[in-house]
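Spelled out, the chains give:
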Amino acid sequence: YLVLIQLFLGNSCRFIAKPCAINLGIQDSGPHRAQPNAILEKVFTSITKSPDGKRLEGLSKQLDWDVRKIQRWFRHRRNQDKPTTLTKFCESMWRFTFYLSIFFYGIRFLWTAPWFWDTRQCWYNYPFQPLTSRLYYYYILELAFYWSLMFSQFTDIKRKDFLIMFVHHLATIGLITFSYMNNMVRVGTLVLCLHDASDFLLEAAKLANYAKYQRLCDAFFMLFGVVFIVTRLGIYPFWILNTTLFESWELIGPYPSWWLFNGLLVTLQVLHVIWSYLIVRTASKALVRGKVSKDDRSDVESSSEEEDVTSNSTKGIFSTSSNGSNRLNGHVAGAQWTGE
């Protein structure tokens, strides 16, 4: 299934997302390329991508260049490795398609499931609960998707929330695998569907941003923030954690894997709190400035953070480069937000 997802990614980007991007006027033009220089290129690839003051002075004397000219060269060289807007648009579109499709598949499947309306049904007759084919495919597709995010994270440009996303992917893959092996798939489907509820809205906001529809981007982002906070800080703890921590204890007792299973679920909740804080902070700035201005979870590479403050102040929430390759996961993944 992991291979199928990657094939879907390649074909959707090539035959669907790219034509859409071109029709919207998104060009496949990359950033300004640094002029060829063997000495600076050697330093960039072998020593450091962000030389300190002492090294800059040495290079300035060696090349007879002004220090600011050398700083500009390194900035251009770093930006040169970043993905184009077209690449990020294609990656976001495929993620948007997957998130939206899997969310509605989950809702359609769970709407007729008794445990969707009564969470205590997750534990009745446990562990002797049948595994239907629809439930199996739902689980396996989600697992393959998050494995693809895990692998792609190490090939993408390193982002500020790299560690948080790494922990998130580990916890998610661990939960899906663990719950499947222990036949806790009923409560597992609730967790999966709940997490998919907001992700496609984030990708929609990024798509609008790349197409330069700022108002639509802001509207989608605000809607994403509301749905994210309601589902992750409201429904998740009072619906999911309530049944895994208390109802399961009441109905089947402290089974051997209870502590590990709930430990992983609580880890996700901690990440939800962190991300909700960042979303609220970004939304607050947007209300003051009139638009979403900068993403605190931005995947701007750390090597470029010394760039001019003036330049940074004009960037939008999704304007900095995101991952370049697959990515996704992008969690997905091309733009700055990747949600889970």
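Residues numbered from 1 in each chain as written. Predicted model: local features only at pLDDT ≥ 70, side-chain atom pairs only at ≥ 80, totals over all residues. Heavy atoms only, no water.

- Under an unreviewed UniProt entry, the protein chain has the name CERS5 synthase and belongs to Chaetops frenatus.

## Remarks on the packing of aromatic side chains
Turning to step 1, where the next piece is worked out: This structure, assessed with the given rule, holds 26 aromatic pairs.
Turning to step 2, where the next piece is worked out: Each ring, one from phenylalanine 103 and one from phenylalanine 104, has its centre 5.4 Å from the other, and the planes form 65°; the classification is edge-to-face.
Turning to step 3, where the next piece is worked out: A connected cluster of aromatic rings, assembled from ring pairs, spans Trp94, Phe98, Tyr99, Phe145 and Tyr146.
Turning to step 4, where the next piece is worked out: Geometry around tryptophan 65 places lysine 69 over its ring, the cationic atom sitting 4.3 Å from the centre. (Phe/Tyr/Trp six-rings, centres within 6.5 Å; stacked < 30°, edge-to-face > 60°. Lys NZ or Arg CZ within 6 Å of the ring centre and 35° of its normal.)

## Quick word on the side chain of serine 248
Turning to step 1, where the next piece is worked out: As for its position among the elements, serine 248 is in helix H10 (residues 214-252).
Turning to step 2, where the next piece is worked out: Residues contacting serine 248, with those up to four places away along its chain left out, are Trp123, Thr243, Gly253, Tyr255 and Trp258. (Helix = DSSP H or I, 4+ residues; strand = E, 2+ residues; numbered from the N terminus. Contact = heavy atoms within 4.5 Å.)

## Points about helix H9 (residues 185-210)
Turning to step 1, where the next piece is worked out: The first and last C-alpha atoms of H9 sit 37 Å apart over 26 residues, in line with the 38 Å expected at 1.5 Å per residue.
Turning to step 2, where the next piece is worked out: Here H9 lies mainly inside the structure; 26 of its 26 residues are buried. (Expected span 1.5 Å × (residues − 1). Buried < 20%, exposed > 50% of the residue type's maximum accessible area, 1.4 Å probe, protein only.)

## Concerning the nonpolar core
Turning to step 1, where the next piece is worked out: Membership of the largest hydrophobic core comes to 56 residues, with the highest contact counts inside it found for Leu110, Trp115, Tyr236 and Phe261.
Turning to step 2, where the next piece is worked out: Per-element accounting of this core gives the leading share, twelve residues, to H9.
Turning to step 3, where the next piece is worked out: Contact partners of phenylalanine 261, with chain neighbours within four places excluded, come to Trp123, Leu175, Phe178, Ser179, Met184, Val187, Thr244 and Tyr255. (Core = buried A, V, L, I, M, F, W, Y, C linked by side-chain atoms within 4.5 Å.)

## A look at the confidence of the model for the protein chain
Turning to step 1, where the next piece is worked out: Looking at the protein chain, the pLDDT average stands at 76 and 74% of residues meet or exceed 70.
Turning to step 2, where the next piece is worked out: For residues 293-340, every residue scores under 50 in pLDDT, and the model assigns this stretch 202 contacts once sequence neighbours within four places are set aside. (pLDDT = per-residue confidence, 0-100.)

## Notes on the environment of aspartate 196
Turning to step 1, where the next piece is worked out: By secondary structure assignment, the location of aspartate 196 is in helix H9.
Turning to step 2, where the next piece is worked out: The spatial distance from the C-alpha of aspartate 196 to the C-alpha of isoleucine 102 is 7.5 Å, given a sequence separation of 94 residues.
Turning to step 3, where the next piece is worked out: Residues contacting aspartate 196, with those up to four places away along its chain left out, are Tyr99, Ile102, Phe103, Tyr138, Glu142 and Tyr146.

## Details of the UniProt feature "transmembrane region" (unreviewed entry) in the protein chain
Turning to step 1, where the next piece is worked out: UniProt's entry tags residues 96-116, 136-155, 162-181, 220-239 and 259-280 with the feature "transmembrane region" (unreviewed entry), counted in the numbering of this structure.
Turning to step 2, where the next piece is worked out: Annotated as residues 96-116, this span is 90% helix and 0% strand, and its ends, taken at the C-alpha atoms, are 25 Å apart.
Turning to step 3, where the next piece is worked out: Taken as a whole, residues 162-181 contains 100% helix and 0% strand, while its terminal C-alpha atoms sit 28 Å from one another. (UniProt positions renumbered as here; feature names shortened; annotations may be inferred.)

## Digging into the pattern of salt bridges
Turning to step 1, where the next piece is worked out: Within the structure shown, the criterion is met by four salt bridges.
Turning to step 2, where the next piece is worked out: A salt bridge links glutamate 203 to arginine 95; the shortest N-O distance between them is 3.0 Å. Here glutamate 203 is found in helix H9, whereas its partner arginine 95 is found in helix H5 (residues 85-111), with 108 residues between them in sequence.
Turning to step 3, where the next piece is worked out: Across the salt bridge formed by lysine 206 and glutamate 203, the nearest N and O atoms sit 3.1 Å from each other. With a gap of three residues between them, lysine 206 and glutamate 203 both fall in helix H9, about one helical turn apart. Of the two residues, lysine 206 and glutamate 203, neither departs from the other in class, the shared state being buried.
Turning to step 4, where the next piece is worked out: Salt bridges sharing partners connect three or more residues here, namely Arg95, Glu203 and Lys206. (Salt bridge = Lys/Arg side-chain N within 4 Å of Asp/Glu carboxyl O.)

## Some remarks on the packing of helix H7 (residues 133-153) against helix H8 (residues 162-181)
Turning to step 1, where the next piece is worked out: One way to put it is that H7 packs onto H8 with a least axis distance of 10 Å and a crossing angle of 155°. Considering the angle they form, H7 stands roughly antiparallel to H8. Where H7 crosses over H8, the handedness of that crossing is left-handed. Contact with H7, carried on its side by Tyr136, Tyr139, Glu142, Leu143, Tyr146, Trp147, Leu149, Met150 and Gln153, involves Phe162, Met165, Phe166, His168, His169, Leu170, Thr172, Ile173, Ile176, Thr177, Ser179 and Tyr180 of H8 and no other residues of that element.
Turning to step 2, where the next piece is worked out: By residue class, the composition of the contact of H7 with H8 is 14 nonpolar, six polar and one charged. (Axes fitted to C-alpha atoms, helices over the stretch in contact; angles between N-to-C directions. Parallel < 35°, antiparallel > 145°, perpendicular 65-115°, else oblique. Left-handed = near helix turned anticlockwise from the far one by under 90°. Nonpolar A, V, L, I, M, F, W, Y, C, P; charged D, E, K, R; others polar.)

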